[in-house]
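# Structure at a glance
What follows is each chain in one-letter form.
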Amino acid sequence: MKGYLKTTTLILVLVMALSLAGCGGKGASTTQEGTAGKEEQTAGPAASEEYFEWDGNLISALTESGMNQTEIVIPKRCTGFSGEIFSSDECKVKSVSFESNSDFNLNSGFRRSASLEEIKLPSGLTQISDMEFWCCSALKEITIPAGVTDIGQYTFQDCRNLETVVFEGDLTEIKPNTFNFCRSLNKIVLPDTVTKIDEYAFSGCSSLKEITLPTGLTEMGISALANNGVEKVIVPPEVTLEKWDYSSFIQSEHDVEVYVTEGSWMDQNFKSVFDGAFNKHYTE
């Protein structure tokens, strides 16, 4: 009888051990599947050449399938665009990124897009010509890669939903009308290498409440910061203007608080630069 009980106990122990092992295996399998699922969910869209019409290694248009994507990746085969690619009213693409970080010929490919909200430019980009993002009415933010040291005029004009621009490199000039009527622009930090802010560069930027002038600034164009939302201008002590216009900073609807360093060039020349309703304050 005792032997029978021992045998029965051993069998029960073995059955329980096998059951636990089976649960553990199932749990491990579920965890792996869950992990795989998470990786699949976080992975971005894959590049597909079928979304585009090609002219050699240039993209000339979107196919019907391409127009119906919300996120799209420019394949590494592509070296540039050959005209406006995303301007069709039927285009549903909201986000564009690049499979390769090599330099790229934008060639007005993004101009007049009404759907694009996000554009992730390749880090190797070196040139942004005139009007490249003109009238991209849905674009919300953009980062300018470090290799871009020159941006054309009218580049972001009438990008009415553009809120944030980040410069990673050393620009020397903000050209005429670059951000003209970017009504939602509320945050921009200009590189200290900028020496010139040209005419109407930020005119009509009604959401831009504060701006710090670049330390290297020497020239301000006609209405460069005029008639926008700027209520506060911070002037670093290094700023020494060589050329400016009476309308460079002028605002028609509100006063502007200007912060300068006591004894600096701007402090000494305040009245000749800021003609109108400007209130001078000294920085601590």
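Computed from a predicted structure; not experimentally measured.

Here is what the cut-offs are and how they apply
Residues numbered from 1 in each chain as written. Predicted model: local features only at pLDDT ≥ 70, side-chain atom pairs only at ≥ 80, totals over all residues. Heavy atoms only, no water. Helix = DSSP H or I, 4+ residues; strand = E, 2+ residues; numbered from the N terminus. Buried < 20%, exposed > 50% of the residue type's maximum accessible area, 1.4 Å probe, protein only. Contact = heavy atoms within 4.5 Å. Areas by Shrake-Rupley, 256 points an atom, 1.4 Å probe, with all protein chains shown as cover. Salt bridge = Lys/Arg side-chain N within 4 Å of Asp/Glu carboxyl O. Pairing = 2+ DSSP bridges. Axes fitted to C-alpha atoms, helices over the stretch in contact; angles between N-to-C directions. Polar contact = N/O pair within 3.5 Å; in protein donor to acceptor, adjacent residues only side chain to side chain. Phe/Tyr/Trp six-rings, centres within 6.5 Å; stacked < 30°, edge-to-face > 60°. Lys NZ or Arg CZ within 6 Å of the ring centre and 35° of its normal.

Each helix and strand counted, the protein has 4 helices and 16 strands in total. Relative to its full complement of 284 residues, the protein shows a buried share of 39%. Within the protein, counting contacts between residues at least 6 apart in sequence, those at least 24 apart form 35% of the total. When the accessible area of the protein is evaluated, it comes to approximately 15,000 Å², of which 49% is carbon and sulfur surface.

A word on the pattern of salt bridges. Evaluation of the coordinates by the stated rule reveals 8 salt bridges. Close ionic contact of Lys-196 with Glu-219 constitutes a salt bridge, the shortest N to O distance being 3.6 Å. Separated by 23 residues along the polypeptide, Lys-196 in strand 11 (residues 196–197) and Glu-219 in strand 13 (residues 219–220) bring together distant segments of the chain. For Asp-267, the salt bridge goes to Lys-280, with nearest N and O atoms at 2.7 Å. Here Asp-267 is found in helix 3 (residues 265–268), whereas its partner Lys-280 is found in strand 16 (residues 278–282), with 13 residues between them in sequence. With a relative accessible area of 11%, Asp-267 lands in the buried category.

The subject of this paragraph is the sheet that holds strand 11. The 3 strands are arranged 9-11-13 in an open sheet whose pairing can be described as parallel. Each edge of the sheet is formed by a strand with only one pairing partner; in this case those strands are strand 9 (173–174) and strand 13. Bridge count between strand 9 and strand 11: 2 bridges; the pairing is parallel. In the strand pairing of strand 11, Glu-173 is matched with Lys-196.

Bridge analysis of strand 1 (residues 52–55) against strand 2 (residues 58–62) gives 4 bridges, and the strand direction is antiparallel. Note on strand 2: the bridge partner recorded for Asp-55 is Leu-58. In this antiparallel pair of consecutive strands, strand 1 and strand 2, the connection spans 2 residues, and Gly-56 shows a positive phi of 70°. Across 2 bridges, the pairing between strand 2 and strand 4 (residues 80–81) is parallel. Bridged to Leu-58 within strand 4 is Gly-80.

This paragraph deals with the environment of Val-165. If you trace the backbone, Val-165 turns up in strand 8 (residues 164–167). In this structure, the C-alpha to C-alpha distance between Val-165 and Lys-140, residues 25 residues apart in sequence, is 8.9 Å. In this view, Val-165 contacts Ile-142, Ile-144, Phe-179, Leu-185, Lys-187, Ile-188 and Val-189; residues no more than four positions away in its chain are not counted.

As a further point, take the sheet that holds strand 15 (residues 256–260). If you trace the 4 strands from one edge of the open sheet to the other, you get 12-14-15-16, paired in parallel fashion. Each edge of the open sheet is held by one strand with a lone partner, namely strand 12 (210–212) and strand 16. Within this sheet the neighbouring strands show an average axis-to-axis angle of 20°, counted without direction. The sheet contact formed by strand 12 and strand 14 (residues 232–234) spans 3 bridges and is parallel. Along strand 14, the bridge assignment pairs Glu-210 with Lys-232.

Looking now at the environment of Tyr-282. Locating Tyr-282 in the fold gives a position in strand 16. Among the residues examined, Tyr-282 registers a relative accessible area of 41% and is labelled partly exposed. When the C-alpha atoms of Tyr-282 and Glu-262 are compared, they prove to be 5.9 Å apart, with 20 residues separating the residues in sequence. In this structure the side chain of Tyr-282 is engaged in a polar contact, spanning 2.9 Å, whose partner is the side chain of Asp-267.

This paragraph deals with the packing of aromatic side chains. Across all of its chains, the model carries 14 aromatic pairs by this definition. Taking the centre distance of 5.4 Å and the plane angle of 85° together, the rings of Phe-81 and Phe-110 count as edge-to-face. Of this pair, Phe-81 sits in strand 4 while Phe-110 sits in the loop between strand 5 (95–98) and strand 6 (118–119), and the two are 29 residues apart along the sequence. Here the two residues Phe-81 and Phe-110 agree in accessibility, since each one is buried. Connected via pairs of aromatic rings, a cluster forms that spans Phe-81, Phe-86, Phe-98, Phe-104, Phe-110, Phe-133, Phe-156, Phe-179 and Phe-202. Cation over ring: Arg-77 sits above Trp-54, and NZ or CZ is 3.9 Å from the ring centre.

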